[in-house]
Amino acid sequence: MELELRPFQAAAIQQLREGLRTDYLRQMLYSPTGSGKTIMATGLVKGARLKGKRVAFLVNRVQLVEQTSATFRRYGIDHGVIQGENTRREYENVLVCSIQTVARRGLPNVDFIVIDEAHAVAGSKDYRGIIETFSGKPVIGLSASPFSKGLGRHYDNLGGPLFERMVIASSIRELIDDGYLVDCDIYAPSEPDMSGIKQVRNKFGEMDYSDMDVGQAADKPELIGDIVSHWFKLARGTPTVVFASNIAHSKHIVEQFKAAGVAAEHIDCYDDSDERREALKRFERRETTIISNSALLAEGWDAPFCETLILARPTKSLIRYLQMVGRVLRPSEGKDKALVLDHSGTVKTLGFPTDDLPLELDDGKPKQTKSKTEEREEPLPKACPSCSYMKPAKVHQCPACGFMPEKKSDVEVKDGELVLMRKDAKKATKMEKQDAYSQLLAYAAIKGYRDGWADHAYRDYFGVWPKGLRKSTQEPSEEMSNWIKSRNIRNAKRREKELKNAA
Ligand SMILES: [Zn+2]
């Protein structure tokens, strides 16, 4: 088969080549799930072969050895395999290698290494060891989620960072706009209470809930009942993949779907591989409507026809989140949009999966900002109170059901008198109090009022007098300006009433 690169794919490969020419030896190619990462890898390998270079393509799972080998065969790339007992044709100039086997037997003599799923390099001694022995020669990592801690960390024996540079092939949003991926609608009807659930560092170096503990919070009959009822309401009959908290949770979800008469199956890593393949085939043939798992299908599994994703695994890991959602964003005939039913509270904390991400290799140093998610520039979405559709921040009317939440007014009417909304002074931090006071002082200064005006207004705002605060000024926020407006209205009404009573 002829290898046809899309323009952005060709441009990314060009950037990597230019990087090599300007002495970047170890480069990371970021390319979202569904952007044709394997095609770009094939392009790279072909390019290296044209220059007479010998290439090793390293992967960390047996399944990926098979997949890559099949892709190379399809595009007519002669290659050998180095993977345990499947090792064959080691004399070839392109070798698809399992990192575990290569770490044991040593790297074959090659000029160039490509690493798939390269976000795993940071946390892997095997990978780092290979890169160190290969020092001085070019390495290209491929990843749809290069957010692992330490991917850009400095190592003395490498004489520089693990990966020196990131090349961005495309973003999820661009791929959707260009029709290479489909957009998704997200509903978030319910979520487990995650307070007090322990977090541990995952294999990518991110903090996340542990599988066991997350099950405690999520694996409850009423929550599963909610998953089933919302699927009937919003996604009935569509091919659906479920990501559950753990194996037991996944099995319980499948039981409830079956009890409701839906063809559902659970798979996990303990099934034998034939059984698993058969289960996936039944799903592809649409004999099964719902396939449920805990983490097995998050990486490397492809089912473009799959339209609906049920997110039942609460996670704080951006890598895991994007891997899961990536499963349903592939285009397929008759599929305009994917549907995500979030029963995990993830979308409201990590944002839309289609948001642009802060892309930078982590240098392993402690950060002032806590995590990638907190660096996101885009504000977080909110669920529509009426239909639970996840709306972008600042969108008032629900695009799905048209519901308009009532704007919270700063003034309410009680016993015929306007009552100002008051902040709870006990819940406000010292900083919030100082900000409010400074804004009121600034307003007083603009209007030519005395500082006493600000003190009284502050008392109306918090119910207490300002104490221990500086007399600094700060431009009033929109919220504060609105509050002052409503206070002015209240005071005016009060005066009106007083005058009437006096008359
Ligand atoms: Zn709505």
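Analysis parameters
Residues numbered from 1 in each chain as written. Predicted model: local features only at pLDDT ≥ 70, side-chain atom pairs only at ≥ 80, totals over all residues. Heavy atoms only, no water. Salt bridge = Lys/Arg side-chain N within 4 Å of Asp/Glu carboxyl O. Helix = DSSP H or I, 4+ residues; strand = E, 2+ residues; numbered from the N terminus. Buried < 20%, exposed > 50% of the residue type's maximum accessible area, 1.4 Å probe, protein only. Donors = N, O, S within 2.8 Å, 3.2 Å for Na, K, Ca; no water. Tetrahedral: all angles 85-135°; square planar, octahedral: opposite > 155°, others 65-115°. Contact = heavy atoms within 4.5 Å. Domains from an automatic or database assignment.

## A few points about the pattern of salt bridges
Part 1 of the argument: As enumerated under the stated definition, the model contains 18 salt bridges in all.
Part 2 of the argument: Linking Arg89 and Glu92 is a salt bridge whose minimum nitrogen-to-oxygen distance equals 2.6 Å.
Part 3 of the argument: Across the pair Asp213 and Lys198 runs a salt bridge, and its minimum N-O distance is 3.9 Å. Placement of Asp213 in helix H7 (residues 211-218) and of Lys198 in the loop between strand E10 (183-187) and strand E11 (199-201) is noted, with a sequence separation of 15 residues between them.
Part 4 of the argument: Taking the relative accessible area as the measure of exposure, Lys198 reaches 55% and is therefore exposed.
Part 5 of the argument: What you see here is one network of salt bridges that share partners, running through Lys37, Asp116 and Glu117.

## What to know about the coordination of the zinc ion
Part 1 of the argument: Only Cys384 (SG), Cys387 (SG), Cys398 (SG) and Cys401 (SG) from the protein coordinate the zinc ion, and they sit 2.3 Å from it.
Part 2 of the argument: Viewed at the metal, the four donor atoms of the zinc ion are separated by angles of 106 to 113 degrees, and the geometry they form is tetrahedral.
Part 3 of the argument: Mapped onto the sequence, the donors of the zinc ion take the spacing C-x2-C-x10-C-x2-C. Accessibility classification places Cys384 together with Cys387 in one group, the buried group.

## Focus: the environment of Val347
Part 1 of the argument: By the secondary structure assignment, Val347 is in helix H12 (residues 346-350).
Part 2 of the argument: Judged by its relative accessible area of 0%, Val347 is buried.
Part 3 of the argument: Sequence separation of Val347 and Ala188 is 159 residues, and the distance between their C-alpha atoms is 7.8 Å.
Part 4 of the argument: The residues touching Val347, leaving out its near neighbours within four places in the chain, are Ile186, Tyr321, Asp342, Phe352, Pro381 and Met390.

## A short note on the domain arrangement of the protein
Part 1 of the argument: Domains assigned within the protein are domain 1 (7-171), domain 2 (180-355) and domain 3 (411-502).
Part 2 of the argument: Relative to domain 3, the C-alpha centre of domain 2 lies at a distance of 48 Å.

## Brief notes about helix H11 (residues 318-326)
Counting along an α-helix, one turn takes 3.6 residues, and residues three or four places apart therefore face a common direction.
Part 1 of the argument: Extensive coverage of H11 is indicated by the burial of nine of its nine residues.
Part 2 of the argument: Among all positions of H11, only Leu318, Ile319, Arg320, Tyr321, Leu322, Gln323, Met324, Val325 and Gly326 are buried.

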